[in-house]
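Understanding the architecture of this molecule
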Amino acid sequence: AFAVSVVSEGAEDETELPVLQKSEKSRTISKRGRELKGIVFVIQSQSNSFHSKRAEDLKRDILKQAVDLGKELPTVLLIHQINRHEGAWTILPLMKDFSVTYGKNSSWIFFCEEDTRVQVIKLLETLRRFDKSKEWFLGKALYDEESTIIHHYAFAENPTVFKFPDFAAGWALSIPLVNKLAKKLKSEPLKSDFTIDLKHEIALYIWQKGEGPHLTPVPEFCTDDVNSYKADHCATTFSNFLPLCGEPVNKEDVFVAVKTCQKFHGDRIPVVKQTWEREAALIEYYSDYADISIPTIDLGVPNTDRGHCGKTFAILERFLNRTSPRTPWLVVVDDDTLISIFRLRKLLSCYDPNEPVFLGERYGYGLGTGGYSYITGGGGMVFSRTAVQKLLASKCRCYSMDAPDDMVLGMCFSGLGIPITHSPLFHQARPMDYPKDYLSHQIPVSFHKHWNIDPVKVYFTWLAPNTEESHNGKKVGYNREDL
């Protein structure tokens, strides 16, 4: 409703001014409505109850803002509800559907995470700067400062030249580019079997060895907190707090299993004991050799140079049969994983252990051809007891003792129809393997590998609990050196 009853004294035509203003506002609302209807919002959601609720909340917020702007409502999609695709989260397989469904009547596909906050009117103003008839790939630009294993050492001579989007800030593809990608995917399917860092791999596919568009950096796509003074110009902001849904789970509710072997007892186990072991109330070390000084438990599974499927399934059996049924959570880590059990306990307050939860950093295998997602082991794998029960009640087991445990687990849970749950706070690599700007809006839970670093220093710089952090779960300023 628009009513103007106040007109300045002495106005030449008191009767027409409100009508003109009303007409002008109606035209503006109508234009905004048309522009808004041309945007398809895609929330990179997950089916776990905690995550799906957050995504639904964001959808409601976007639609509420749209209602306030006019009658035309945009389309808002939740990726986990597009369940025809096991690999829907990898986004590129959806391009054909996007092109067929929205290729004629829409202008933009705008992607965001469940914790991205969107100022719809500012987003409209931002996208208006770009010609929607051209191919655009827009986002907040990240880049590698040095070549990194998680990107297969791409652009080794100068990794800073290649930019890829920070999903937390939101990113957008114009419909002409969506249509082009859909056509290309039809004739040239995705080559790589593995999905490791989706944001980098999508940017590489769009770039097409220099023939496609580069990412265009958009300063209004931000990862600043919504309450930050820097956020005034932002169309998007991002919540950079560690999720906390009530009291952290009790120390005694988390059982930690460390996978090791005799050859690493002397160098890796002392690091665990100097760093995060004290945060764990229930912890056991599983090895191929019983060493009472640690102590380690010999599971009777020989060490292998490749995967550790036999060892991991033995750990799962032991957790189910030898620990208290009142312990709801199991964490399996490598002996060179650095983890904050303190933060993990906060994070787990958001998950229901009565659900089959399998949590960590998500990778994908063969998702273009009906493959599966899995939790990569190095960053830590978190299981609810319910998930372990369902897994072991099935007939799914290792196809060989030295099969990759994380991939076999992914395959098993996929076969059981239990989706894995991704958290970007778990990391398969070291802090220096990620862009600084990407880590700056995270409170990480884990890192992995001791290559060319001082792991104790990394732990105390990035993961150790401190008193300030325990207040309200808020992020604090760390003195993070270049590690």
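I will try to describe carefully the structure that is included in this document.

Rules used throughout
- Residues numbered from 1 in each chain as written.
- Predicted model: local features only at pLDDT ≥ 70, side-chain atom pairs only at ≥ 80, totals over all residues.
- Heavy atoms only, no water.
- Helix = DSSP H or I, 4+ residues; strand = E, 2+ residues; numbered from the N terminus.
- Expected span 1.5 Å × (residues − 1).
- Buried < 20%, exposed > 50% of the residue type's maximum accessible area, 1.4 Å probe, protein only.
- Contact = heavy atoms within 4.5 Å.
- Phe/Tyr/Trp six-rings, centres within 6.5 Å; stacked < 30°, edge-to-face > 60°.
- Lys NZ or Arg CZ within 6 Å of the ring centre and 35° of its normal.
- Patch = residues over 30% accessible without salt bridge, like charges linked within 9 Å, V, L, I, M, F, W, Y side chains within 5 Å.
- Areas by Shrake-Rupley, 256 points an atom, 1.4 Å probe, with all protein chains shown as cover.
- Salt bridge = Lys/Arg side-chain N within 4 Å of Asp/Glu carboxyl O.
- Pairing = 2+ DSSP bridges.
- Axes fitted to C-alpha atoms, helices over the stretch in contact; angles between N-to-C directions.

Attention shifts here to helix α8 (residues 309-322). Its 14 residues give α8 an end-to-end C-alpha distance of 19 Å, which sits within 8% of 20 Å, the value for a rise of 1.5 Å per residue. Those residues of α8 not exposed but buried are Cys309, Gly310, Lys311, Thr312, Phe313, Ala314, Ile315, Leu316 and Phe319. Summarising the contacts, the buried residues of α8 are in contact with β12 (254-259), β13 (282-287), β15 (329-334), β20 (381-384), α10 (385-393) and α11 (405-415).

The subject of this paragraph is the packing of aromatic side chains. One pass over the structure, following the stated rule, counts 23 aromatic pairs. Between Phe110 and Phe221, the ring centres sit 5.7 Å apart and the planes meet at 70°, which makes this aromatic pair edge-to-face. Note that Phe110 is positioned in strand β3 (residues 108-113) and Phe221 in the loop between β10 (216-217) and β11 (236-238), a separation of 111 residues in sequence. For Phe221, a relative accessible area of 2% translates into the label buried. Considering the side-chain rings of Phe111 and Trp171, the 4.2 Å spacing of their centres and the 15° angle between planes classify their relative orientation as stacked. One end of the pair, Phe111, is in strand β3; the other, Trp171, is in strand β8 (residues 171-174), and 60 residues separate them in sequence. The pair Phe111 / Trp171 is uniform in exposure class, with both members buried. These aromatic residues form a ring-pair network of at least three members: Phe98, Tyr102, Phe111, Phe137, Phe167 and Trp171. Just above the ring of Phe264 sits the side chain of Arg268; from NZ or CZ to the centre is 3.5 Å. Sitting over the face of the ring of Phe319, Arg385 holds its NZ or CZ atom 4.2 Å from the ring centroid.

Before going further, it helps to spend a moment on a nonpolar patch on the surface. A surface patch of nonpolar side chains, about 300 Å² in accessible area, is lined by Ile149, Tyr153 and Trp451. On the secondary structure map, Trp451 appears in the loop between β22 (446-448) and α13 (455-462). Overall, Trp451 belongs to the partly exposed group, its relative accessible area being 42%.

This part covers the sheet that holds strand β14 (residues 296-298). One open sheet holds the 7 strands; their spatial order is β14-β13-β12-β15-β20-β17-β21, and the pairing between them is mixed. With partners counted over all chains shown, the strands left at the sheet margins are β14 and β21 (421-422), one partner each. The strands touched by helix α9 (residues 341-348) within the sheet are β12, β15, β17 (358-360) and β20, with β12 carrying the most contacts at an inclination of about 130°.

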